[in-house]
Amino acid sequence: MVSPQHSYNGALLRACEAHLVRVKAAHDALLLAISSAKSFGEHDSRRLNTYVEANEKCEKAIRDSDAQRAKDNATALEMLRATEVTASRS
């Protein structure tokens with residue numbers, strides 16, 4: 001049987017892995033937007049606007065992902081504590 005601590009550690013690892021996947025996807029989308037913006041002229045305002053919008057979306061996605069990771073970590077900790085309380089009553 002897997003110990004509660006081992007389950008908790010696994011949940012933290014999964015939350016961090018999911019966060020890294022989401023952050024990488026946000027950065028990849030930013031790089032794609034920057035690459036496509038290069039087709040506009042150097043002084044074309046659409047180039048800057050595209051970059052600014054993509055950067056804001058990337059930053060928001062990272063903030064949202066970090067919040068989700070924190071929520072996942074808190075849920076895992078609650079489950080660990082509940083398991084410890086249940087075990088201490090037995």
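Placed above this text is the structure.
To keep things clear, this report deals only with the structure shown in the data block. What you see is a predicted model, and the numbers here were worked out from it, not measured in a lab.

For the rest of this paragraph, the subject is the overall build of the protein chain. Tallying secondary structure elements over the protein chain gives 2 helices and 0 strands in all. The C-alpha radius of gyration of the protein chain comes to 20 Å, more than 25% above the 12 Å expected for a compact globule of 90 residues. Reported as C-alpha extents along the three principal axes, the dimensions of the protein chain are approximately 70 × 20 × 10 Å. Taken across its 90 residues, the protein chain has 17% of its residues classed as buried. The contacts in the protein chain between residues at least 6 apart in sequence include a share of 70% that link residues at least 24 apart.

Let us look at helix 1 (residues 4-37). Between the first and last C-alpha of helix 1 there are 49 Å, a value that for 34 residues agrees with the 50 Å anticipated at 1.5 Å per step. Along helix 1, the residues that are buried comprise Tyr 8, Gly 10, Ala 15, His 19, Val 23, Ala 26, Leu 30, Ala 33 and Ala 37. Looking at the buried residues of helix 1, the elements they touch are helix 2 (45-89).

Conventions and cut-offs
Residue positions are given per chain, counted from 1 along the sequence in the order it is written. For this predicted model, a pLDDT threshold of at least 70 governs which residues receive local features, and a threshold of 80 or more governs which side-chain atom pairs are given and counted, while totals over whole chains, interfaces and linings are taken from all residues. In computing side-chain values, all of the structure's heavy atoms are included and hydrogens and water are not. In this description a helix means any DSSP run of H or I spanning at least four residues, a strand means any run of E spanning at least two, and both kinds are numbered starting from the N terminus. Each radius of gyration reported is based on C-alpha atoms, and the globular scaling rule is 2.2 Å times the count of residues to the power 0.38. Only protein chains enter the accessibility calculation, which uses a 1.4 Å probe; a residue whose area is less than 20% of its type maximum is buried, one above 50% is exposed, and one in between is partly exposed. Should any heavy atoms of two residues lie within 4.5 Å, those residues are considered in contact. Expected span of a helix, by definition, is 1.5 Å for each gap between consecutive residues, and there is one gap fewer than residues.

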